[in-house]
Amino acid sequence: MTKLIHIALVILISVSFSCQKGTEKTQTSEVVTEVKNDIERIEPPNWWVGFKNQQLQLLVKHPNISEAKASIKYSGVSIDKAHKADSPNYLFLGLSIAEHAKAGQFNIYFDFKNGTQLVQTYQLKDRETEAADIQGFDSSDAIYLITPDRFANGDTSNDIDVNLNEKTINRADDYGRHGGDIKGIINHLDYIQEMGFTQIWSCPLLTNDMERSSYHGYAMTDFYQVDPRYGSLEEYQELATKAKEKGIGIIMDQVANHCGSAHWWMQDLPFKDWVNQQESFENNKPLNNSNHRRTSNQDSYASKRDKKEMAEGWFVPTMPDLNQRNPFMANYIIQNSIWWVETLNLSGIRQDTYPYPDKNFMSNWAGAIMNEYPNFSIVGEEWSTNPLLIAYWQEGHDNKDGYDSNLRSTMDFAMQKNTVDALNEDEKWDTGLVKIYEGLANDFAYASPKDIMAFPDNHDMSRIFTQLKGDVPNTKMALSYLLTLPRIPQIYYGTEILMNDFEKPGDHGLIRTDFPGGWQDDTVNAFSGEGLTDAQKDMQLFLKKVLNYRKSSDAIHNGKTIHFAPFMGTYFLFRVIEGETVVLIINKNNEPISLDLKRFEEVGLHGKTLKNIITNETFVWQDEMILNERGSMLLSTKL
């Protein structure tokens, strides 16, 4: 991984601090007997000893704090420099934390010329987990994506918070808050585990103090606070701990590109360039949204105008675009990500709208995290169906512009579209199953195909059952295909019970509908199976069997991939490793069909007994196979 040495030395110390130098390292530390909290806000709220990067930037927010001189008396901790912001109500402190510094509490003193002194007690903690032991996700995992407000309401007492802007709860409003929370996820960890999932990716759980549609979580108004309608930081930590006990990791959804327009700093921005188009914002002038031309990141012919409008335009009017070229903002975002990794012992980060921030910053951001956590995982969202764009963002890709993303995983929107097209289209020379055949052939473009995240749908697109026009066999084919590929699979909650958005296809509020059984008055309970239709129960069991087989399938995790061009409305894909071969058969024929298996003789299965993963029936691979019905078949040599 390139750039990491540069990142470790520069990213958190590259800020041009310009004010007075603080106290030097002291040999003895004062004893803090009383915690002081005189300062309005200090972020990060705490830190840890033992990082490779020994620099820490503190954002201090308090009326006229820029007029104060800061000092610390704690062994191993010193203020290198302090920097005044454009607003007098901010001070940015650059701290050095020596290798010998011990965990503990110490005071930061802020002395004003008039003799006033403010004191803030700060804490350094010991790290609970060795950095090398923080493990990311990989192709052996299966990820369950949850929109927390719509999954389960485990604590009705936090449904409404009178201190926040949106004070109502209304399950009849697709864009209102419904009451799902962290406790609801905790209460159903057994279900998630038994289904066969090994990772949970929850849409953001941080505070969204917006006036409406705050349920989705992507307009954050405090990057260090859990939204009280979801619960507390302690409950978030409880979720991470209890999930880990069940062999489930937690992936945090983060947003480096933007914040919510009601973010606390929008009323008093630290610098004149803290957000993009700040002058227009502060003077109530029209703001430009992003042109969303993501190809300008790679396009060698792109105009400066297109690049600027892409990177500096606001995602939507309610989401101010953060300026990562400001070094203080850059440090803030990097440290915030590391703070959450440490606080929750995360297994990964899913970074929203990956191509929208400054792309050099994104390389530095990912590099700084991976420098501290070499076995960690980050997946970036690049919503493109062009494999070349997806490949560009993955670490190790030979980019002609020399760009190194430091990003291990990207999201396979291309394969998602190919899968839907393959099953919806009629079989012709250039339509139908050839879409997944040729789509998978594009893997030559990727540095590491098995580290890319594949999915049938997600929280931003129509449900897969809807996209496949309510066709159950096609839905099973899509799921079995994506779960057999050399990929990291992600499944959106409710896919297992055929949740859909037929009423208003593509409507986000409907896509993110409530999971039945997550509320006390629900008449249908998908967790227990009560009230589900036969088709829903069948799909739930189907997915459960595939996921649980997949957990221990080395062939799917690491095996060689062999597939054959579509033939007579069928598609065969093999995953092969010593001791195990997995066979996926996709059949689009409505009538029985006989196939000559000699076509696949190079795989070496002749005379071997295979088991149907779904039905447990066995089958001897001979010269001929009869497929009696449309659908998918998963076979394994592991009996």
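Because the structure is predicted, anything quoted here is derived from the model rather than measured.

1. A look at the sheet that holds strand S6 (residues 90-97)
Alright, step 1. Taking strand neighbours across the sheet as the criterion, the 4 strands line up as S1-S3-S6-S5 in an open arrangement whose pairing is antiparallel. Lying at the two open borders of the sheet, with one neighbouring strand each, are strand S1 (41-43) and strand S5 (77-84). For this sheet, the mean inter-axis angle between neighbouring strands, taken without regard to orientation, is 25°.
Alright, step 2. Against the sheet, helix H7 (residues 327-344) contacts S1, strand S3 (55-61), S5 and S6, and its axis sits at roughly 105° relative to S3.

2. Digging into the packing of aromatic side chains
Alright, step 1. Under the criterion given, the structure shown has 53 aromatic pairs.
Alright, step 2. Of note, Arg150 hangs over the ring of Tyr215, and the distance from its end group to the ring centre comes to 4.0 Å.
Alright, step 3. The aromatic ring of Tyr403 is capped on one face by Lys359, whose charged end is 5.1 Å from the ring centroid.

3. Some thoughts on the pairing of strand S20 (residues 593-596)
Alright, step 1. Where burial is concerned, the two faces of S20 differ: the one with Ile593 and Leu595 is buried and the one with Ser594 and Asp596 is not.
Alright, step 2. Pairing of S20 with strand S23 (residues 624-627), which is carried by 4 bridges, proceeds in the antiparallel orientation. When the sheet's bridge partners are listed, Ser594 is paired in S23 with Ile626.

4. Thoughts on helix H15 (residues 534-551)
Alright, step 1. With 18 residues, H15 ought to run about 26 Å at 1.5 Å a step, and its terminal C-alpha atoms sit 26 Å apart, in line with that.
Alright, step 2. Here the buried face of H15 lies against helix H3 (189-195), helix H13 (472-484), strand S16 (488-492), helix H16 (554-558), strand S19 (580-587) and strand S24 (631-636).

5. As for H13
Alright, step 1. With 13 residues, H13 extends 18 Å from end C-alpha to end C-alpha; this agrees with the ideal 18 Å at 1.5 Å per step.
Alright, step 2. Within H13, burial applies to Asn474, Thr475, Lys476, Met477, Ala478, Leu479, Ser480, Tyr481, Leu482, Leu483 and Thr484.
Alright, step 3. Measuring from the backbone nitrogen of Asn474 back to the side-chain oxygen at the start of H13 gives 2.9 Å, which picks out Asp471 as the cap.

6. Description of the pattern of salt bridges
Alright, step 1. Taken as a whole and assessed by the stated rule, the structure comprises 33 salt bridges.
Alright, step 2. Arg127 is the salt-bridge partner of Glu342, the closest N and O atoms lying 2.9 Å from each other. A residue pair is termed long-range when its members are at least 10 positions apart, and Glu342 in helix H7 and Arg127 in the loop between strand S8 (117-125) and strand S9 (143-146) qualify at 215 residues. Of the two residues examined, Glu342 and Arg127, each falls in the buried class.
Alright, step 3. In this structure, Lys400 and Asp398 form a salt bridge, with 3.5 Å as the shortest nitrogen-oxygen distance.
Alright, step 4. The exposed category is assigned to Lys400, whose relative accessible area is 78%.
Alright, step 5. What emerges from the salt-bridge pattern is a single network uniting Arg171, Asp514, Asp521 and Asp522.

7. Here's the deal with the pairing of S6
Alright, step 1. Where burial is concerned, most of S6 is hidden: 8 out of the 8 residues are buried.
Alright, step 2. Going residue by residue along S6, you find Tyr90, Phe92, Gly94 and Ser96 tucked away on one face and Leu91, Leu93, Leu95 and Ile97 tucked away on the opposite face as well.
Alright, step 3. When S3 meets S6, the two strands line up antiparallel, connected through 7 bridges. Across the sheet, Leu59 pairs through a bridge with Phe92, a residue of S6.
Alright, step 4. Two elements, S5 and S6, share 7 bridges in a ladder whose sense is antiparallel. Opposite His83, over in S6, you have Phe92 as the bridge partner.

Rules of the game
- Residues numbered from 1 in each chain as written.
- Predicted model: local features only at pLDDT ≥ 70, side-chain atom pairs only at ≥ 80, totals over all residues.
- Heavy atoms only, no water.
- Pairing = 2+ DSSP bridges.
- Helix = DSSP H or I, 4+ residues; strand = E, 2+ residues; numbered from the N terminus.
- Axes fitted to C-alpha atoms, helices over the stretch in contact; angles between N-to-C directions.
- Contact = heavy atoms within 4.5 Å.
- Phe/Tyr/Trp six-rings, centres within 6.5 Å; stacked < 30°, edge-to-face > 60°.
- Lys NZ or Arg CZ within 6 Å of the ring centre and 35° of its normal.
- Buried < 20%, exposed > 50% of the residue type's maximum accessible area, 1.4 Å probe, protein only.
- Expected span 1.5 Å × (residues − 1).
- Polar contact = N/O pair within 3.5 Å; in protein donor to acceptor, adjacent residues only side chain to side chain.
- Salt bridge = Lys/Arg side-chain N within 4 Å of Asp/Glu carboxyl O.

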